[in-house]
2 protein chains.
Amino acid sequence: MSLETTILDRILPSACDVERLKTCAQEVVEEIKDDNLVKEYNAEIMLVGSVAKGTFLSNPDIDIFILFPTSTDRSHLQKIGLEIGKKHLPTYEERYAEHPYTHGTRGGYEMDIVPCYKLESTENIKCAVDRTPFHTKYIKTNMDSEMKDQVRLLKQFAKGIGVYGAESKTEGISGYLTELLIIRYGNFNKVIEAASRWNLGQVVFPNNEKKFKGDPLIVHDPVDSNRNVASAVSIQSFSKFIYAAKEYLKNPSERFFFPNVRTTYSLDGIQHYISKRNTEVIIIELDKPNLIDDNLYPQIRKTLEGVITTLQKENISAIDSDYEVKETSVKFAIEIETLELPSIKQHYGPPVWSENAPSFINKWKSNTFEPYVENGLWKVIIRRDDTNVVSYLNKNLKSSALGKDFRELKGMKITSGKDAICEDNAVILSKMIDKRMSWEVV
Amino acid sequence: MSLETTILDRILPSACDVERLKTCAQEVVEEIKDDNLVKEYNAEIMLVGSVAKGTFLSNPDIDIFILFPTSTDRSHLQKIGLEIGKKHLPTYEERYAEHPYTHGTRGGYEMDIVPCYKLESTENIKCAVDRTPFHTKYIKTNMDSEMKDQVRLLKQFAKGIGVYGAESKTEGISGYLTELLIIRYGNFNKVIEAASRWNLGQVVFPNNEKKFKGDPLIVHDPVDSNRNVASAVSIQSFSKFIYAAKEYLKNPSERFFFPNVRTTYSLDGIQHYISKRNTEVIIIELDKPNLIDDNLYPQIRKTLEGVITTLQKENISAIDSDYEVKETSVKFAIEIETLELPSIKQHYGPPVWSENAPSFINKWKSNTFEPYVENGLWKVIIRRDDTNVVSYLNKNLKSSALGKDFRELKGMKITSGKDAICEDNAVILSKMIDKRMSWEVV
């Protein structure tokens, strides 16, 4: 039995599970179809997503869309959409993408009930979710049941190597993208073979228009050529997928689909690792802002980048860095060469011919070291009062380019040196240090 | 009496000196005119340069050109040119610009006897010196005696602030350029006023063609618009001239024309200065190649830049640097923050999708720290065996982009730390440290 067959055996939902899932989904769809509000607004009900397409793994979300006529006012669509959703979900909460929808559970399944517009074509898209019914129809039309299993394999592979999901947290491959890749290349193995030869800016599903320059992976949406289905894929996810594909071809293993659990390194191990490198670690902890993940993660990455940029301004290079999202706080770890800044700093001013030159000279003329001209620019060597990186950060993070909701530095706690290497920081340090790919974890 | 009048009084050659100079020059010109070879080749003799133009300061060189008909073979022109030169100079040596000429002394004056072609216009220039007769004629035609004194003032000013001379050593303002500036602006004071408002890429003597982009100062040659008379002016000389002009206008003083002599700082003073900065100094001494100054200085600057670039590769920033040309060696001084390199080094490899990725992984897979992927690039952290900057330089200068004749590192001696701050290095360290403009020296 081939590896892929073994994996399929493991991930294919049982006939019984499928039956139960379909019954539940159909029941809700019929129930909503009968809803008076649905009838009043002349809306259509459609089962969409992986359940409708038959490409789901175990325990999928059930996605039900309410398609309103385009004549419906947008605020009405939102209000009525929520009202209908709430009626049919015993437990629910409102969630927000481009507009609000209802998320809840029923019959043991997670369920989304989402209002959108019913359109003739994707040309007049009003909202990203309006595309979903078209995607569902496209996949249902272009995929046989064998291909659906291949999609499941690819989804599990992407999950295993840590790149499954287009949400900001992962910046990886969406379910729809795995489906398009299977349609494009034929089966799981052919996708992997192709991916092992991909290059930066790879175009899959080509289109005559030269668009999406700068995206690592370009997959024109067959239902809407104005959209790159892979636009969420970060360069990190893209390269991880390529490397995983190369490695899988050389040495296929179930570890790509089901990696071992990564354990946190011991404090001793972390200490040993850092001392071998003779580097220093700074941990910055900040209160976690109350945001949904899709807003939180971009802000976390921006904050980490902002800290690194602030260090670079002082010619301090971040050797490594990472972050950890905790219950009520976010931790940032940065590895640097030394905690000491040099005693002096080179400060460049305006060129000699600039009208700002006199004020620069004036500002610095009483400096310990007089300003002078270097290749046309005024320059001055400034002595630093404080040569500690942590106090530098304490003074300058406020004015750094951090994520919007981190800028107030609420709850900031900076630890460094030996203090930073403690049990409380073991998880983030371990995460930063552990460079193994998921399938390499033993 | 105005400052400028005082200066003029001091720099104007006496009537007696002028008489003696003119008599000597005329005597040689007449003598060469009578030379049989000159007659045989139908050559013309012309007194050129500052003596001919009457813009000389004390003790000028006398420049006599032998203008050969264009029908003369170039190798003949060179051979006969030298032969004539030697006959009329009691002591002489051959010198080389684009072609050889005779330099010697006669009657107490330095004298150049230079062969060139006699041309109708500058359109068919064969060699840079062919332009000189045109320059001489242009200035003689366009300058009255009052302007000539203004040229002398400007020359002395440029000399005083250290930017007089187009040769590689100075990269400054040539005599011809001072003359054109006086013609363009009218007198010394107006040149200074204009220069105080100059900007990078300043165009003087404008011409419709947009040329010489990147040159700090653009002065189209009135006798040949294909040439920027200021092409030799470095950004450092350019900005020094502008700053001097600004300062002179604020506070005119004879110090701009006749600066005080700079004395070498005491070793104690140097030591105190360096320790206030808490920096380190590296001195590299190399044998001086046997080159004329116009070839030597560009190579020295390239060598210093090459050393700085080599340091930058290890993220070591040169805070300051300088060089000193000695009798048989050249010294380079570089000020850096510390003599210690970090224990580790970040080394970036090819991107994941590159065909070179496997060999990078293979090369580093047994490294203390395993290679990993960062934003699509393979990266590895390498431990350094040797963390001393001097040994790093010793190992890597050979492959640095140094001046051609320095590349073999003949006679290399590197000193650093306390060893570098010794009597033997006092001159170069003093030169590097002393940031005063020449007119600021008290």
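Rules and cut-offs
- Residues numbered from 1 in each chain as written.
- Chains lettered and ligands numbered in written order.
- Predicted model: local features only at pLDDT ≥ 70, side-chain atom pairs only at ≥ 80, totals over all residues.
- Heavy atoms only, no water.
- Helix = DSSP H or I, 4+ residues; strand = E, 2+ residues; numbered from the N terminus.
- Buried < 20%, exposed > 50% of the residue type's maximum accessible area, 1.4 Å probe, protein only.
- Contact = heavy atoms within 4.5 Å.
- Lys, Arg positive; Asp, Glu negative; His and termini not counted.
- Charge placed at Lys NZ, Arg CZ, Asp CG, Glu CD.
- Domains from an automatic or database assignment.
- UniProt positions renumbered as here; feature names shortened; annotations may be inferred.
- Pairing = 2+ DSSP bridges.
- Axes fitted to C-alpha atoms, helices over the stretch in contact; angles between N-to-C directions.
- Least-squares fit on C-alpha atoms with pLDDT ≥ 70 in both.
- Buried area = accessible area lost by both parts, 1.4 Å probe.
- Salt bridge = Lys/Arg side-chain N within 4 Å of Asp/Glu carboxyl O.
- Polar contact = N/O pair within 3.5 Å; in protein donor to acceptor, adjacent residues only side chain to side chain.
- Phe/Tyr/Trp six-rings, centres within 6.5 Å; stacked < 30°, edge-to-face > 60°.
- Core = buried A, V, L, I, M, F, W, Y, C linked by side-chain atoms within 4.5 Å.
- Parallel < 35°, antiparallel > 145°, perpendicular 65-115°, else oblique.
- Left-handed = near helix turned anticlockwise from the far one by under 90°.
- Nonpolar A, V, L, I, M, F, W, Y, C, P; charged D, E, K, R; others polar.
- Arc of directions from axis to C-beta.

A.B. asks: Account for the overall build of chain A, with residues named and values stated.
C.D. replies: Counting its secondary structure elements, chain A contains 16 helices and 15 strands. The dimensions of chain A, computed from C-alpha atoms along their principal axes, are 85 × 55 × 45 Å. A buried classification covers 53% of the 442 residues belonging to chain A. Contacts spanning at least 24 positions in sequence make up 66% of the contacts within chain A whose residues lie at least 6 apart. Here chain A carries 58 positive and 63 negative side-chain charges, and the mean point of each set is 3 Å from the other.

A.B. asks: So what about the domain arrangement of chain A? Which residues, and what values?
C.D. replies: For chain A, the assigned domains are domain 1 (1–127), domain 2 (143–259), domain 3 (267–341 + 386–440) and domain 4 (346–381). Domain 1 of chain A and domain 4 of chain A are separated by 65 Å when their C-alpha centres are compared.

A.B. asks: Account for the UniProt feature "binding site: Mg(2+)" (unreviewed entry) in chain A, naming residues and giving values.
C.D. replies: All names here are of chain A. Feature annotation in UniProt places "binding site: Mg(2+)" (unreviewed entry) on Asp 61, Asp 63 and Asp 112, given in this structure's numbering. Spatially, the listed residues are clustered: although they cover 52 residues, their C-alpha atoms lie within 7.3 Å of one another. With respect to the helices, strands and loops of the structure, Asp 61 is situated in the loop between helix 4 (49–53) and strand 2 (62–68). What Asp 61 contacts, discounting residues up to four positions off in sequence, is Val 51, Glu 110 and Asp 112. Tracing the chain through its elements places Asp 112 in strand 5 (residues 109–117). What Asp 112 contacts, discounting residues up to four positions off in sequence, is Asp 61, Ile 62, Asp 63, Ile 64, Tyr 101, Thr 102 and His 103.

A.B. asks: Which residues make up the sheet that holds strand 8 (residues 224–228) of chain A, and what values go with them?
C.D. replies: The pairing of strands in a sheet happens through backbone hydrogen bonds and is either parallel or antiparallel. Residues and elements named next belong to chain A. Taken together, the three strands give an open sheet; going across it, the order is 6-7-8, and neighbouring strands pair in mixed fashion. At either margin of the open sheet sits one strand with a lone partner, and together these are strand 6 (202–204) and strand 8. Ignoring strand direction, the axes of neighbouring strands in this sheet form an average angle of 25°.

A.B. asks: Outline the relation of the copies chain A and chain B, supporting the account with residue identities and numerical values.
C.D. replies: Take chain A, turn it by 180°, move it 0.1 Å along the axis, and it overlays chain B with an RMSD of 0.1 Å. On the angle and the small slide along the axis, the relation comes out as a two-fold axis. Relative to the rotation axis, the closest C-alpha in chain A is found at Asn315(A), a distance of 4.1 Å. A symmetric contact is evident, with 100% of the interface residues of chain A recurring at the interface of chain B.

A.B. asks: So what's going on with the interface of chain A and chain B? Which residues, and what values?
C.D. replies: Contact with chain A, which involves 41 residues of that partner, is made by 41 residues of chain B. At the boundary of chain A with chain B, total buried surface from both sides reaches about 3800 Å², with 59% on carbon and sulfur atoms. Between the two partners, chain A and chain B, sit zero salt bridges. Scanning the region where chain A abuts chain B turns up twelve residue pairs in polar contact (both at pLDDT 80 or more).

A.B. asks: Explain the UniProt feature "domain: CCA-adding enzyme C-terminal" (unreviewed entry) in chain A to me, and be specific about the residues and the numbers.
C.D. replies: Residues annotated by UniProt as "domain: CCA-adding enzyme C-terminal" (unreviewed entry) correspond here to residues 277–414 of chain A. Across residues 277–414 of chain A one finds 27% helix and 30% strand; the C-alpha atoms that close the span lie 21 Å apart.

A.B. asks: Run through the sheet that holds strand 13 (residues 372–374) of chain B, naming residues and quoting values.
C.D. replies: Residues and elements named next belong to chain B. Here we have three strands laid out as an open sheet, ordered 12-14-13, and antiparallel in their pairing. Taken across any chain shown, the strands that pair with only one partner, and hence form the sheet edges, are strand 12 (344–351) and strand 13. Averaged over all pairs of adjacent strands, the angle between strand axes in this sheet comes to 40°, irrespective of strand direction. By the bridge criterion, six bridges tie strand 12 to strand 14 (residues 377–383) in an arrangement that is antiparallel. Looking at the pairing, Lys 345 lines up with Ile 382 of strand 14.

A.B. asks: Outline the side chain of His99(A), supporting the account with residue identities and numerical values.
C.D. replies: All names here are of chain A. Mapped onto the elements, His 99 comes out in the loop between strand 3 (91–96) and strand 4 (100–106). For His 99, a relative accessible area of 5% translates into the label buried. Within the structure, His 99 has its side chain in polar contact with the backbone oxygen of Pro 115 (distance 2.8 Å).

A.B. asks: Run through the packing of aromatic side chains, naming residues and quoting values.
C.D. replies: Any two aromatic rings considered together are summarised by their centre-to-centre distance and by the angle between their planes. Inspection of the entire model under this criterion finds 40 aromatic pairs over all chains. Between Tyr248(A) and Phe256(A), the ring centres sit 5.3 Å apart and the planes meet at 90°, which makes this aromatic pair edge-to-face. With respect to burial, Tyr248(A) and Phe256(A) carry one shared label: buried. Between Phe188(B) and Phe257(B), the ring centres sit 5.6 Å apart and the planes meet at 45°, which makes this aromatic pair tilted. With Phe188(B) in helix 9 (residues 188–195) and Phe257(B) in the loop between helix 10 (235–250) and helix 11 (267–277), the pair connects residues that are 69 residues apart, well separated along the chain. Like Phe188(B), the residue Phe257(B) is buried in the burial classification. Here the aromatic residues Phe157(A), Phe188(A), Trp198(A), Phe238(A), Phe241(A), Tyr243(A), Tyr248(A), Phe256(A), Phe257(A), Trp439(A), Trp353(B) and Trp378(B) are joined through ring pairs into a cluster of three or more.

A.B. asks: Report on unusual backbone geometry, specifying residues and quantitative values.
C.D. replies: The phi torsion at Leu409(A) lies on the positive side, around 55°, for a residue other than glycine. With respect to the helices, strands and loops of the structure, Leu409(A) is situated in the loop between helix 14 (389–396) and strand 15 (413–416). Of note, Asn42(B) is a non-glycine position whose phi angle comes to about 60°, a positive value. Of the residues examined, Asn42(B) reaches a relative accessible area of 60% and is grouped as exposed.

A.B. asks: With reference to specific residues and values, describe the nonpolar core.
C.D. replies: Residues Ile62(A), Phe157(A), Trp198(A) and Phe241(A) are the most contacted members of the largest nonpolar core, which totals 88 residues. Leaving out residues up to four positions away in the same chain, Trp198(A) has contacts with Leu181(A), Tyr185(A), Val204(A), Leu217(A), Phe238(A), Phe241(A), Ile242(A) and Trp353(B). Counting 86 residues, the second-largest nonpolar core is a separate cluster that includes Leu89(B), Phe157(B), Tyr185(B) and Leu217(B).

A.B. asks: Let's hear about the pattern of salt bridges: which residues, and what values?
C.D. replies: All names here are of chain A. If you walk through the whole model with that rule in mind, you get 60 salt bridges over all chains. Between Asp 424 and Lys 326 there is a salt bridge, with the nearest N and O atoms lying 4.0 Å from each other. Here the residue Asp 424 occupies a position in the loop between helix 15 (417–420) and helix 16 (426–433), and Lys 326 occupies one in the loop between strand 10 (320–325) and strand 11 (329–336), the gap between them amounting to 98 residues. When its relative accessible area of 25% is taken as the criterion, Lys 326 is described as partly exposed.

A.B. asks: I'd like to hear about the packing of helix 6 (residues 132–142) of chain B against helix 8 (residues 175–185) of chain B, residue by residue, with values.
C.D. replies: All names here are of chain B. The contact between helix 6 and helix 8 brings their axes to 11 Å, and the two run at 30°. Taken as axis vectors, helix 6 and helix 8 run roughly parallel relative to one another. Note that helix 6 runs across helix 8; the crossing there is left-handed. Contact residues: His 135, Tyr 138, Ile 139 and Asn 142 in helix 6; Tyr 176, Glu 179, Leu 180 and Ile 183 in helix 8. Among the residues making up the contact of helix 6 with helix 8, the classes are represented as five nonpolar, two polar and one charged.

A.B. asks: Tell me about helix 9 (residues 188–195) of chain A, and name the residues and values.
C.D. replies: All names here are of chain A. Those residues of helix 9 not exposed but buried are Phe 188, Val 191, Ile 192, Ala 194 and Ala 195. Summarising the axial view, the buried residues of helix 9 lie within an arc of 165°, below the 170-degree limit, and thus occupy one face. In the core, the buried residues of helix 9 are packed alongside helix 1 (3–11), helix 7 (145–160), helix 8 (175–185) and helix 10 (235–250). Regarding helix 9, its N-cap is Asn 187, as a side-chain oxygen of that residue lies 3.1 Å from the backbone nitrogen of Asn 189 further along.

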